[in-house]
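If you want the building blocks of each chain, they are given just below.
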Amino acid sequence: MEKFPLKGTSNLPISSAVTNHPLSADHTSYQSVASKTGKGSSSSSGSERITTSLTTPGVPVYEADEDGMIDITPGNGGLTNPNYPYSYAANGGRQDGVGAPSSSGNNGGAGTGATSAAGTAAVGAATSAGNGGDGGGISSPTHTRFGRDFHHSDHEDTLTVSFSGKIEGISFAGMTDTSDDIPGIGQYDDFHTIDWQRDIARDRMRHRYIVKKRQDSFWDLLKGAHDAWSGWVCVLLVGLFTGCVAGVIDIGASWMTDLKFGICPQAFWLNREQCCWSSNETSFDSGNCSQWYAWSEIFTSSREGFGAYVISYFFYIMWAMLFALLAASLVRMFAPYACGSGIPEIKTILSGFIIRSYLGKWTLIIKSVGIMLSVSAGLSLGKEGPMVHIASCIGNILSYLFPKYGRNEAKKREILSAAAAAGVSVAFGAPIGGVLFSLEEVSYYFPLKTLWRSFFCALIAAFILRSINPFGNEHSVLFYVEYNKPWIFFELVPFIGLGIIGGFIATFFIKANLWWCRFRKYSKLGQYPVTEVLIVTFITAVIAYPNPYTRMNTSELIYLLFSQCGISNQDPLCDYNRNFTDVNSAIEIAAAGPNVHKAVWLLILALAMKLVMTIFTFGMKVPCGLFIPSLALGAITGRVVGIGMEQLAYNYPKIWIFSGECSTGDNCITPGLYAMVGAAAVLGGVTRMTVSLVVIMFELTGGVRYIVPLMAAAMASKWVGDALGRQGIYDAHIALNGYPFLDSKDEFQHTTLAADVMQPKRNETLAVITQDSMTVDDIETLLKETEHNGYPVVVSKENQYLVGFVLRRDLNLALANARRIIDGITGQSLVIFTSAQPVQNLGPSPLKLKKILDMAPITVTDQTPMETVVDMFRKLGLRQTLVTHNGRLLGVITKKDVLRHVKQMDNEDPNTVLFN
């Protein structure tokens, strides 16, 4: 989550930037080549601005081609450069036939140049007074990374540089605006990694162009204003739609869950709670009012008895099977990507990976319907994780309304980060927790403006959900707690103990779930996803119904475990030997009745059943989240520990650990608080969240007073989890699926060099393209014979000095486009990546592809430590880097190579990394 700045050299001393840079006029490796027009040099002292002529006596003049760009031809002005292998013939021409050296050495004077360190911008300006005082200027050429100046119409002859730190007229990487010429340039193929540097630079160039045009007309001013606020409008729309979809999902899931138990005959579309609102009865036992009919009542006119139990049991299993069959079939037929949680894939996508259709409209529709069905089927899963996926789908679809985001993959990820925050916001009613979740858990690149937009998006989504009020109460949070009793200092010990237990439960769950998912992936079981879903649903329903704590909806169970026992609470958990004489008096501490002991045993059985069933459920081909099952496992553990502590305080109120606070007879221990802390511990152990987890937990319950216990448990759980297994559940599933995710939290501690990792290895040949000596047939043959995603462009096969880098996709598109619209292009046409006019021959006309060439690829030397290379990939978001030695090209390191190397160094199987 680092920013990717495009560092300029405006803060360097001018002389340093000039003399050290290989594009400066003083450097011996390159000579400046002039454009065909020049206006003489002039200097404006008022603003310290230097305007340079681009014609120089004694320097060969090449005609600029139609894209107005100048070739940078390696040369040395008549001097010998030991690093440069070309020898010059007696006639002044180079032996390979490209260019000619300068015939005179009188082009002295001071040259100035500035270039970006990251290689994504190049600008130069030079003034010189020759020996004869003729005022001729030598200039470092200006070019974009892709060989075409976006501002060419305004900067045809001169380039303006202000040395006060503001650089005007810079051409940034990738902003070539070639999309009109060649459709599809700048886009990416499925299962490929994006080039963050290129996309961000393209956006900066586009923004600079809009700002410059604002003064031209009122229409351009409006376009500039629209561009400025389009990001806020986009996240506003994402928040609105996410809130609405979440409301529909909550209402639908609630109705279908109650349908397993009975129906409201007067209005079948009402769930049990809403059905009972229309009743005039002032109280009803656990929702069974006279308006609500259980299935056994409809068929046997009785709620009690063996026959009624069997009928209810049968309908429970039947509805569960029907819902599960529907969910699995919809996913299989219409949107295979709608299965699972979605968070591992969202993390990978936000790190710069392309998975087409994963965030599409069909995935959105099927995931939304499927999550209602799978939650209603009573499976051990939650709808909170999939809400992040659903919100990200909405963000992706709406980003296409704004070309600034829809056409630029790096910018689109800013909207997706905000959408992920909105997803958690509506899942839990926790907007701040959502923003922190996006920052801590899913986002890779999270600049400050994305933080503000995520905050705004989460706020709007939570507001809309609160307006819809799907929970039907005055709170927009799921598990609001009524108590606010202070905790005793000694209780930190059991809280930390719960954290340790949570870490152990989470580690067992992760390892077992991974083992099962691996088995499913490599066995025949994976070929029958619907059958697997039906079998797991049947077993879950059969086991769950007899136990009241597994029969009820998991969210209701968590709410029950978090709540405090009061007068109105009729659950067996609250069967204490108490006499409620005064409603307003404090609840006294009391001995647990026989039903409490029975309830504890049922809860322990529920814990074991839910743990086992969640292991087999998570990863099935239905939408399924992990937050709610994890919270339930922890809440059961915590409540059992809490009841134990409460009985200890009742039986031994005078011992020192309770510091006299339990001797007054009031209830000094709150078992519900232990359930909250246990829930945070298990969820923290499973996902390895810390900050966002604590904020989500106190937003979820409204228990701000209990931040310290939650923090203690979350930290203990994370430490235990990290000690027993390095990865959280999401990172483990990313590794299992082979996605190219380079985690910015990991450290690379090995001492290898770039030369050890690069492809090809020593003594193997590197597939390259020459700048001006390969035909269309040669390049098409190269594309057929190799599968690389891009090719370095070099001066010639013998002298492999790097010119630039061209992507496979761009090359394919450019060749297909040229054959379609340019007359005279044949298989024998030369493909030229320079701006120099080739020597005239009688063959077919050449094909100029300089506009698709990245002229400033990121390069490292073969001796660069891999620690540095890995950091560059993480922090700059690179797709590949080229390896050179003394300026000669040696090889390429891609993101896939880096990931495989990291796995190899960690003694893991490097072949598990599947994608580029």
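Here we summarise the structure given alongside this text. (Residues numbered from 1 in each chain as written. Predicted model: local features only at pLDDT ≥ 70, side-chain atom pairs only at ≥ 80, totals over all residues. Heavy atoms only, no water.)

## Regarding the overall build of the chain
(1) Moving on: Secondary structure summary: the chain contains 28 helices and 17 strands in total.
(2) Moving on: Out of the 916 residues in the chain, the part that is buried amounts to 56%.
(3) Moving on: Of the contacts made within the chain by residues no fewer than 6 positions apart, 73% connect residues no fewer than 24 positions apart.
(4) Moving on: When the accessible surface of the chain is summed, it comes to about 38700 Å², and 59% of that surface belongs to carbon and sulfur atoms. (Helix = DSSP H or I, 4+ residues; strand = E, 2+ residues; numbered from the N terminus. Buried < 20%, exposed > 50% of the residue type's maximum accessible area, 1.4 Å probe, protein only. Contact = heavy atoms within 4.5 Å. Areas by Shrake-Rupley, 256 points an atom, 1.4 Å probe, with all protein chains shown as cover.)

## Brief notes about the sheet that holds strand E17 (residues 888-894)
(1) Moving on: Strand order in the open sheet made by the three strands is E15-E16-E17, with mixed pairing throughout. With one partner strand each, in any of the chains shown, strand E15 (859-861) and E17 form the two edges of the open sheet. Between one strand and the next, the sheet's axes are offset by a mean angle of 35°, whatever the strand orientation.
(2) Moving on: Strand direction decides the pairing type here: E15 and strand E16 (residues 880-885), joined by three bridges, are parallel. Within E16, the residue paired with valine 860 across the bridge is valine 883.
(3) Moving on: Here helix H27 (residues 866-876) sits on the sheet and contacts E15, E16 and E17; the angle it forms with E17, its principal contact strand, is near 60°. (Pairing = 2+ DSSP bridges. Axes fitted to C-alpha atoms, helices over the stretch in contact; angles between N-to-C directions.)

## Section: the sheet that holds strand E13 (residues 830-832)
(1) Moving on: Reading across from one edge, E10-E13-E14 is the order of the three strands in this open sheet, with mixed pairing throughout. At either end of the open sheet lies a strand with only one pairing partner, and these are strand E10 (774-775) and strand E14 (847-848).

## Here we look at the side chain of lysine 850
(1) Moving on: Along the chain, the position of lysine 850 falls in the loop between E14 and E15.
(2) Moving on: What makes lysine 850 buried here is its relative accessible area of 2%.

## Focus on the pattern of salt bridges
(1) Moving on: Taken as a whole and judged by the stated rule, the model has 23 salt bridges.
(2) Moving on: A salt bridge links arginine 413 to glutamate 409; the shortest N-O distance between them is 3.0 Å. Here arginine 413 pairs with glutamate 409, and both are found in helix H11 (residues 409-428), just four residues apart, close to one helical turn. Comparing arginine 413 with glutamate 409, the two get one shared label, buried.
(3) Moving on: A salt bridge links aspartate 722 to lysine 718; its shortest N-O distance comes to 3.1 Å. Of this pair, aspartate 722 and lysine 718 are both found in helix H22 (residues 707-724), four residues apart, which corresponds to roughly one turn of the helix. (Salt bridge = Lys/Arg side-chain N within 4 Å of Asp/Glu carboxyl O.)

## Considering the pairing of E17
(1) Moving on: Direction of pairing for E16 relative to E17: antiparallel, over a ladder of six bridges. When the sheet's bridge partners are listed, histidine 885 is paired in E17 with arginine 888.
(2) Moving on: Hairpin geometry of E16 and E17 is characterised by an intervening segment of two residues between the two adjacent antiparallel strands and by a positive phi of about 55° at asparagine 886.

## Remarks on the nonpolar core
(1) Moving on: Among the nonpolar cores identified, the biggest contains 180 residues, and Phe428, Phe437, Phe509, Phe562, Leu631, Met697 and Ile893 are the most heavily contacted of them.
(2) Moving on: Per-element tally for this core: the top contributor is helix H6 (residues 306-334), with 12 residues.
(3) Moving on: Apart from the residues within four sequence positions on either side, leucine 631 is in contact with Phe428, Phe479, Ile558, Ala679, Leu683, Met697 and Leu700.
(4) Moving on: Among the nonpolar cores identified, the runner-up in size contains 27 residues, and Val806, Ile825, Phe833 and Leu853 belong to it. (Core = buried A, V, L, I, M, F, W, Y, C linked by side-chain atoms within 4.5 Å.)

## Details of unusual backbone geometry
(1) Moving on: Residue glutamine 759 is joined to proline 760 through a cis peptide bond whose omega torsion reads -5°.
(2) Moving on: In this fold, proline 760 is placed in the loop between helix H24 (754-757) and strand E9 (769-770).
(3) Moving on: Not every positive phi belongs to a glycine, and serine 357 is a case in point at roughly 75°.
(4) Moving on: Positive phi values are uncommon outside glycine, yet asparagine 907 reaches one of about 60°.
(5) Moving on: Along the chain, asparagine 907 falls in the segment after helix H28 (895-905).
(6) Moving on: According to the relative accessible area criterion, asparagine 907 is exposed, its value standing at 73%.

## Side note on the environment of glycine 634
(1) Moving on: In this structure, glycine 634 sits in helix H19 (residues 627-651).
(2) Moving on: Separated by 40 residues in sequence, glycine 634 and tyrosine 674 place their C-alpha atoms 9.2 Å apart.
(3) Moving on: When sequence neighbours within four positions are dropped, the list of residues in contact with glycine 634 reads Ala675, Gly678, Ala679 and Val682.

## Section: the state of the cysteines
(1) Moving on: Counted by the stated rule, this structure contains two disulfides.
(2) Moving on: Across the disulfide, cysteine 565 is cross-linked to cysteine 574 (sulfur-sulfur distance 2.0 Å). Between cysteine 565 and cysteine 574, the S-S dihedral sits near -80°, and the bridge is therefore left-handed.
(3) Moving on: Unpaired in this structure, cysteine 234 has its nearest cysteine sulfur neighbour in cysteine 457, at a distance of 8.5 Å.
(4) Moving on: Classification of cysteine 457 as buried rests on a relative accessible area of 0%. (Disulfide = S-S within 2.5 Å.)

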